[in-house]
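Spelled out, the chains give:
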Amino acid sequence: MALQNIGIRLLQKTQNVLVVFQKRSKAIYTNASCFNEEEIKEKLQAFPGGSVDLIKQDSGIAVLTINNPNHKNAFTGTMMIQLKDRIDQLEQWTEGKGLIVQGTANTFCSGSDLNAVRALSSCQDGMKMCMFMQNTLTQLLRLPLISVALVEGKALGGGAELTTACDFRLMAPGSEIRFVHKHMGLVPGWGGGARLVRIVGSQNALKILSTACKVDQDLALQTRLADDILVSNEEGRPLEDALKWLSDFTKGPAAVIRSVKKVVLSGRELTSDEALKTEKEVFGSVWGGPANVEALAQRPKHK
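Everything in this summary refers to the structure shown in the same document. (Residues numbered from 1 in each chain as written. Predicted model: local features only at pLDDT ≥ 70, side-chain atom pairs only at ≥ 80, totals over all residues. Heavy atoms only, no water.)

### Thoughts on the overall build of the protein chain
As a reminder, the rule being used: Helix and strand assignments come from DSSP, with helices taken as H or I runs of at least 4 residues and strands as E runs of at least 2, each series counted from the N terminus. Per-residue accessibility, obtained with a 1.4 Å probe over protein chains only, is compared with the maximum for each type, and a residue is labelled buried under 20%, exposed over 50%, and partly exposed between these values. By definition, residues are in contact when any of their heavy atoms lie within 4.5 Å. In short, Shrake-Rupley with a 1.4 Å probe defines the accessible areas, and a residue's cover is counted only from the protein chains shown.
When you go through the protein chain residue by residue, the secondary structure sums to 13 helices and 8 strands. Residues classed as buried in the protein chain amount to 45% of the 303 residues present. Long-range contacts, defined as pairs at least 24 residues apart, comprise 74% of the intrachain contacts of the protein chain with a sequence gap of at least 6. Counting only carbon and sulfur atoms, one obtains 55% of the accessible surface of the protein chain, whose full area is about 15800 Å².

This is the structure we're talking about:
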């Protein structure tokens, strides 16, 4: 009976945490914002090509691959939709702990496919695509997984913005991140500008965006846009090294790793009072849980 009561309390705690995060994780743009997701999906569907591939590993780390090598892994319309679908799948992956985002053929991503850009050139259509991708990349950033952008070759425009939607950025030798929007007569529209400010600070962000400079590994480390530089770009080696790098952050039960990410998210995105309340709810969801009980039994704190 006592065990049953404990189980009921833990279930109630978990449900409370889910309610808190469901409220916070709603899309930025909804029907109330005059945004119709199905409408923009229908338009994006008219621009096929490439794919966004997802592999979930038994280790709890997934690999999401931007796959359109003939166009430097630029996002076609259907790839934008697939990216949203893959992130939806990752939200439901309760055993997941980490995520690596990469491109194929030694290139990360060159942003939007120009065919779609030209066809959606009206201000109204451009805004709808912007809202769709902001929703998608915000959803990526808010996944309860520790995410890493593995940058090989070039991350340009929207590709550079995609790197900022991950928790960490690793760069292979010779790679670069470049916000080329200025040269296209634009500014970032997928949320990359706002996220860049949070990562590198307003002054560095202003320099990077206003000059459209090439951020190589040295500048990336200097501005903290990159978290580490990998030692080799031999075929397959960067992914292998990235998986090893991320594994240091994902050791342990999925419930604990996911809870750590949720606490960090709340501290980053909520007010101080709301973050404290959320931290309390997350703490309550793991207190007395299997990982906590096992740790207390096997590794006494003051041993």
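### Let's talk about the sheet that holds strand β2 (residues 61-67)
Backbone hydrogen bonds hold the strands of a sheet together, and the pairing may be parallel or antiparallel. The test is simple: When DSSP finds two or more bridges between two strands, those strands count as paired. Only C-alpha atoms enter the line fits that serve as axes; for helices the fit covers just the stretch in contact. Angles between N-to-C directions range over 0 to 180 degrees.
Pairing is mixed across the open sheet formed by 6 strands, whose spatial order is β1-β2-β3-β4-β6-β8. Taken across any chain shown, the strands that pair with only one partner, and hence form the sheet edges, are β1 (51-56) and β8 (228-229). Here helix α10 (residues 237-247) sits on the sheet in contact with β2, β3 (98-103), β4 (146-151), β6 (168-171) and β8, set at roughly 160° to β3.

### Comments concerning the pattern of salt bridges
Put simply, the rule is: Whenever a carboxyl oxygen of Asp or Glu lies within 4 Å of a side-chain nitrogen of Lys or Arg, that contact is scored as a salt bridge.
Applying the stated criterion to the full structure yields 9 salt bridges. R142 serves as the salt-bridge partner of E269, at 2.7 Å between the closest nitrogen and oxygen. Taken as a pair, E269 in helix α11 (residues 254-269) and R142 in the loop between α5 (123-141) and β4 lie far apart in primary sequence, 127 residues in all. Taking relative accessible area as the criterion, E269 reaches 27% and is therefore assigned partly exposed. As a salt-bridge pair, E281 and K280 come within 2.8 Å of each other at their nearest N and O atoms. The exposed category is assigned to K280, whose relative accessible area is 51%.

### Brief notes about the nonpolar core
Where we set the bar: The set of buried Ala, Val, Leu, Ile, Met, Phe, Trp, Tyr and Cys residues whose side-chain atoms join them within 4.5 Å is what this entry labels a nonpolar core.
Judged by nonpolar contacts, the single largest core of 50 residues is most densely connected at F75, L99 and I177. Each residue touching F75, except ones within four places of it in the same chain, is listed here: V52, I66, M80, L83, C109, G111, S112, D113, L162 and W190. Residues I100, V148, L170 and I257 belong to the second largest nonpolar core, which totals 11 residues.

### Comments concerning the pairing of β1
Pairing geometry for β1 and β2, over 6 bridges, is antiparallel. Its bridge partner lying in β2, I55 is registered against V63. Between β1 and β2, which pair antiparallel one after the other, the connecting turn spans 4 residues, and G60 there sits at a positive phi close to 90°.

### Looking at the packing of aromatic side chains
Applicable threshold: A pair of aromatic rings is counted whenever rings of Phe, Tyr or Trp (Trp by its six-membered ring) have centres within 6.5 Å, and the orientation is called stacked for planes under 30 degrees apart, edge-to-face for over 60 and tilted otherwise.
Counted under the stated rule, the structure contains 5 aromatic pairs. Between W245 and F249, the ring centres sit 4.8 Å apart and the planes meet at 40°, which makes this aromatic pair tilted. Three or more aromatic residues joined by ring pairs form one cluster here, namely F168, W245 and F249.

### Digging into α11
What counts, and what does not: Given the number of residues in a helix, its expected span is that number minus one, multiplied by 1.5 Å.
Counted at 1.5 Å a residue, the expected span for α11 with its 16 residues is 22 Å, and the 22 Å between its end C-alpha atoms agrees. Regarding α11, the residues found buried are A254, I257, R258, S259, K261, K262, L265 and S266.

### Things to note about a nonpolar patch on the surface
Applied cut-off: To count toward a patch, a residue needs a relative accessible area over 30% and no salt bridge; like charges are then connected within 9 Å, while nonpolar side chains (Val, Leu, Ile, Met, Phe, Trp, Tyr) are connected within 5 Å.
On the surface, L114, V117, M184 and L186 cluster together into a nonpolar patch covering about 360 Å² of accessible area. Structurally, M184 is set in the loop between β7 (176-178) and α7 (192-200). A relative accessible area of 53% means that M184 is categorised as exposed.

### Focus on the packing of α7 against helix α8 (residues 202-211)
To keep it simple, the criterion reads: Angle categories are assigned with fixed cut-offs, so that under 35 degrees is roughly parallel, over 145 is roughly antiparallel, 65 to 115 is roughly perpendicular, and the rest are oblique. Crossing handedness: left-handed means the near helix sits turned counterclockwise from the far one by under a right angle, and right-handed means the same turn made clockwise. Three classes are used: nonpolar for Ala, Val, Leu, Ile, Met, Phe, Trp, Tyr, Cys and Pro, charged for Asp, Glu, Lys and Arg, and polar for all others, with Gly counted as polar.
Contact geometry for α7 and α8: axes closest at 7 Å, N-to-C directions at 130°. As far as their axial angle goes, α8 and α7 are oblique. The crossing of α7 and α8 is right-handed. Contact residues: α7 offers G193, L196, V197 and V200, while α8 offers S202, N204, A205, I208 and L209. Residue composition of the contact of α7 with α8, grouped by class: 6 nonpolar, 3 polar and no charged.

### Re the pairing of β4
With respect to burial, β4 is a largely interior element, 6 of its 6 residues being buried. Alternating residues of β4 divide into I146, V148 and L150 and S147, A149 and V151, and every residue in both groups is buried. Across 4 bridges, β3 lies against β4 in parallel orientation. Looking at β4, one finds that V101 is bridged to A149. Both β4 and β6 contribute to a ladder of 4 bridges, which runs parallel. Paired with A149 across the strands is R169, a residue of β6.

### Details of the packing of α11 against helix α12 (residues 272-286)
Contact geometry of α11 with α12 gives a least axis separation of 9 Å together with a crossing angle of 175°. Comparing the axis directions of α11 and α12 gives the class roughly antiparallel. Between α11, through A255, S259, K262, V263, S266 and G267, and α12, the contact on the second element is made entirely by A275, T278, E279, V282, S285 and V286. Classifying every residue of the contact of α11 with α12 gives 5 nonpolar, 5 polar and 2 charged.

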